[in-house]
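# Survey of secondary and tertiary structure
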Amino acid sequence: MSRGLSESVRGLLNEATYLYRDSPRATSRLRRQLSRFTEPLRIAVAGPPRSGKSTLINAIMGAEIAPVEIADGRSVLTWYEDGPEAAATGYSSAGPAVELPVVRSAGGMRVDLAERRTDDISEIIVTWPTRALRHVSLVEAPTDTGSDKDGRMRTTAKVLRNADAVLYLTRDARGSDLDLLRQAQEGLVASTVPPQVILVLSRADEIGGGQMDSFLAGRQLARQLQRNPAVDPLCLSVVPVGGLVALAGRLLSEPEFTALSAMAATPRGELDAFLLSTDRFVGAGFPVSVDVETRQALLERLGISGVRLAATLIRAGNDTRAGLAAELVRRSGLTELRESISRYLVDRREALMARSALVALDATLRSEPSRTARKLHAEMERILVATHDFQELSLLAALPGPRLRFDEEEAAEVYRLVGGNGTDPAARLGVDYAVSNRELVTLGAEALRRWQHKAESPLVSLDQRRAARIVVRSCESMLARLPQPGDWDQHRDWGDSRGPDPGRDLDQTGQWSQGGDLDETGQRRQGGEWDQTGQWSQGGRRTQDRDWDLTGEWIREDTSSDAAPKTATW
Ligand SMILES: Nc1nc2c(ncn2[C@@H]2O[C@H](COP(=O)(O)OP(=O)(O)OP(=O)(O)O)[C@@H](O)[C@H]2O)c(=O)[nH]1
Ligand SMILES: [Mg+2]
């Protein structure tokens, strides 16, 4: 993000803090937003009940921690963050924050609430040492709030509105899912710069009735949905993920691998009939000497599709525990999801944080209107429509819509150049990371010329010309960041075209399992992986002034009267 955006939004928040100096509630909320700029990106994990949210969070963290259940199996808004040690803190709307006892287990931890009254707790923050959450924190939108379906939908809608970005889990992208995502695009800020949503086709191992090729079927369905005009404008991408298989890959133990290997060593003609259903798998006459308890445990760990997949992968040569674990993670879709999180969300984290700060500012201005607030509103609108980072996000969202009508090839180029595939120069130019800076500059200059021509052509529509102007600015700022011909010698040490990219969390070369949470032997390291120099340590700890309190008044935004700024980009 341009430094300008962050500074403009902070400036606006400071101004608002001064204007609202007589309102303790508004000032504490605004201060909270100001402090957020140094914290990790807040990604909401939302979706219908039982869509696999907690399992996916565990898979991302590489540990069994979610869900945190309190009295009567109720769950509350729970944050998962990187931290120096396993810990949990409960927050309530009245009273101080309390440390909650945690019990470590082989594969993770459990928040132990047996001894404690919990009906006052409205939010919990769980910390766990994991690099996977170095740049993001995850929050699960609770679906069992005891309320009716509408209540659940309202809770999810609020979480979608307030997060920096969203992983929305769905098994089939039904009408109610799409309604929620459409609602999340309402309001002053969201109608101009839509929320950044990755649609996760969850429980991918069950797609197509859990048959052998369910992961393949998942990928096909994801492609169809991505092309569906009802879905495409609502999300950045559609990624099929089998959270259960991903988690199994991340936690696969030696005894589990041994049992799966014994099955894979059995001729298919003898084994396959027993892998058709869970009943047969745990029933009598199983042709491999793996006892029924172990088979039960494997089912819980992997699901029947996962067991079949594991046996097939071992036969195909993934015959070490670490090799099988890595391949399960890859096939589950988790690797692709992490890449998408990195490319679409982490790389744009400052713009996304600035966006959600504006959502919060808008809510404050609405809940406590004043004459001076009008000036702030006008400035907010200006930032929304005039900031190039926001224009890029807005153009990306508008591309599939009816107004722009670029042909397929041009639309793909616009998508790339404004950072739809990633914000580094190679991704924008659609070339390999190994391409030299000289070539990047040449390609960038060519793209710039082409789009300058388009931006000035009287033969194209006004909307296309406006879009072309945004593309031109994207090309210009990309070129400005690349070393120019005279500087090439000094920049020889740039190993690749990505340049310095502090936001990247993902190991570009390795499998997930090599990426830090598992050691060489694949066992979880208990703590000690937290990078003390990482983002988290720079950020302030969350204060007690919780801004996500779902019972809190200020989050009750009235979006019905919101109008997009008159100059809204599309
Ligand atoms: N086969 C299969 N089952 C899964 C998968 N992910 C989750 N499940 C199962 O689905 C059930 C619900 O999973 P959760 O991860 O708790 O789902 P959730 O969305 O967090 O559920 P709520 O918070 O209660 O709404 C559990 O029994 C999981 O084992 C998956 O990828 N494949
Ligand atoms: Mg859950």
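Residues numbered from 1 in each chain as written. Chains lettered and ligands numbered in written order. Predicted model: local features only at pLDDT ≥ 70, side-chain atom pairs only at ≥ 80, totals over all residues. Heavy atoms only, no water.

### Structural notes on the overall build of the protein chain
Helices and strands together make up the secondary structure of the protein chain, namely 22 helices and eleven strands. Of the contacts made within the protein chain by residues no fewer than 6 positions apart, 75% connect residues no fewer than 24 positions apart. (Helix = DSSP H or I, 4+ residues; strand = E, 2+ residues; numbered from the N terminus. Contact = heavy atoms within 4.5 Å.)

### Observations concerning the packing of aromatic side chains
Evaluation of the coordinates by the stated rule reveals three aromatic pairs. Centre to centre, the rings of Phe-274 and Phe-286 are 5.8 Å apart; their planes meet at 85°, and the pair counts as edge-to-face. Placement of the pair is Phe-274 in the loop between helix H10 (268–271) and helix H11 (278–282) and Phe-286 in the loop between H11 and helix H12 (292–315), with a sequence separation of twelve residues. Here Phe-281 and Phe-286 contribute two aromatic rings whose centre-to-centre distance is 5.3 Å and whose plane-to-plane angle is 90°, an arrangement assigned as edge-to-face. The burial state of Phe-281 is the same as that of Phe-286; both residues are buried. Three or more aromatic residues link up through ring pairs in this structure, and these residues are Phe-274, Phe-281 and Phe-286. Over the face of the ring belonging to Tyr-18 we find Arg-21, whose NZ or CZ atom lies 4.1 Å from the ring centre. When the ring centre of Tyr-344 is taken as reference, the NZ or CZ atom of Arg-343 above it lies at 5.3 Å. (Phe/Tyr/Trp six-rings, centres within 6.5 Å; stacked < 30°, edge-to-face > 60°. Buried < 20%, exposed > 50% of the residue type's maximum accessible area, 1.4 Å probe, protein only. Lys NZ or Arg CZ within 6 Å of the ring centre and 35° of its normal.)

### Side note on the pairing of strand S1 (residues 41–46)
Along S1, six of the six residues are buried, which leaves the element largely enclosed by surrounding structure. Covered by surrounding structure in S1 are Leu-41, Ile-43 and Val-45 together with Arg-42, Ala-44 and Ala-46, the residues of both alternating faces. The pairing of S1 with strand S8 (residues 136–140) spans five bridges and is parallel. Bridge pairing in S8 places Ile-43 opposite Leu-138. Bridge count for S1 against strand S9 (residues 165–170) is four bridges, and the pairing is parallel. Bridge pairing in S9 links Ala-44 to Val-166. (Pairing = 2+ DSSP bridges.)

### Digging into the coordination of the magnesium ion (ligand 2)
At this site the magnesium ion (ligand 2) is bound by Ser-54 (OG) and Glu-140 (OE), with donor distances of 2.2 Å. You can see Ser-54 sitting in helix H3 (residues 53–61) and its partner Glu-140 sitting in strand S8, a full 86 residues away along the chain. Residue classification places Glu-140 among the buried positions, given a relative accessible area of 12%. (Donors = N, O, S within 2.8 Å, 3.2 Å for Na, K, Ca; no water.)

### Describing the side chain of Ser-340
One can find Ser-340 in helix H14 (residues 334–345). Ignoring any residue separated from it by four or fewer positions in sequence, one finds Ser-340 in contact with Ile-198, Ser-237, Val-239 and Leu-345.

### Some points on the confidence of the model for the protein chain
For the protein chain, the average pLDDT comes to 83, and 83% of its residues sit at 70 or higher. Note on residues 547–570: pLDDT under 50 across the span, and 70 contacts to partners over four residues away in sequence or across chains. (pLDDT = per-residue confidence, 0-100.)

### What to know about the site of ligand 1
Around ligand 1 lies a shell of 15 residues, among which Lys-53, Thr-55, Thr-143, Arg-203 and Asp-205 are the nearest. Arg-50 places a polar main-chain atom, nitrogen or oxygen, 2.9 Å from an oxygen atom of ligand 1. Here a nitrogen atom of ligand 1 and a side-chain polar atom of Asp-205 are 2.7 Å apart. With the chains in place, 80% of the 640 Å² that ligand 1 exposes on its own is no longer accessible. Listed by contribution, the elements that provide at least two residues to the shell around ligand 1 are H3 and helix H8 (243–251). Here the shell around ligand 1 gets three residues from one element, more than from any other, and that element is H3. (Near = heavy atom within 4 Å. Polar contact = N/O pair within 3.5 Å; in protein donor to acceptor, adjacent residues only side chain to side chain. Areas by Shrake-Rupley, 256 points an atom, 1.4 Å probe, with all protein chains shown as cover.)

### Some words on the nonpolar core
Counting 75 residues, the largest nonpolar core has Ile-60, Tyr-80, Leu-167, Ile-198, Leu-337, Leu-345 and Leu-358 as its most contacted members. No other element matches helix H15 (residues 349–367), which puts nine residues into this core. Ala-248, Phe-286, Leu-299 and Ala-310 belong to the second-largest nonpolar core, a separate cluster that totals 30 residues. (Core = buried A, V, L, I, M, F, W, Y, C linked by side-chain atoms within 4.5 Å.)

### A look at H15
The first and last C-alpha atoms of H15 sit 27 Å apart over 19 residues, in line with the 27 Å expected at 1.5 Å per residue. Of all 19 residues in H15, 16 are buried, a share of seventy percent or more. (Expected span 1.5 Å × (residues − 1).)

### Remarks on the environment of Glu-270
Here Glu-270 lies in helix H10. Sequence separation between Glu-270 and Val-288 is 18 residues, and the spatial gap between their C-alpha atoms is 9.2 Å.

### Some words on the packing of helix H4 (residues 149–162) against helix H5 (residues 175–183)
Between H4 and H5, whose axes approach to 9 Å, the crossing angle comes to 45°. It follows that H4 is oblique to H5 by the angle criterion. Taken as a pair, H4 and H5 cross one another with a handedness that is right-handed. Only Ser-176, Leu-180, Leu-181 and Gln-183 of H5 make contact with H4, whose side of the interface consists of Met-153, Thr-156, Ala-157 and Leu-160. Looking at the contact of H4 with H5 residue by residue, the classes come out as five nonpolar, three polar and no charged. (Axes fitted to C-alpha atoms, helices over the stretch in contact; angles between N-to-C directions. Parallel < 35°, antiparallel > 145°, perpendicular 65-115°, else oblique. Left-handed = near helix turned anticlockwise from the far one by under 90°. Nonpolar A, V, L, I, M, F, W, Y, C, P; charged D, E, K, R; others polar.)

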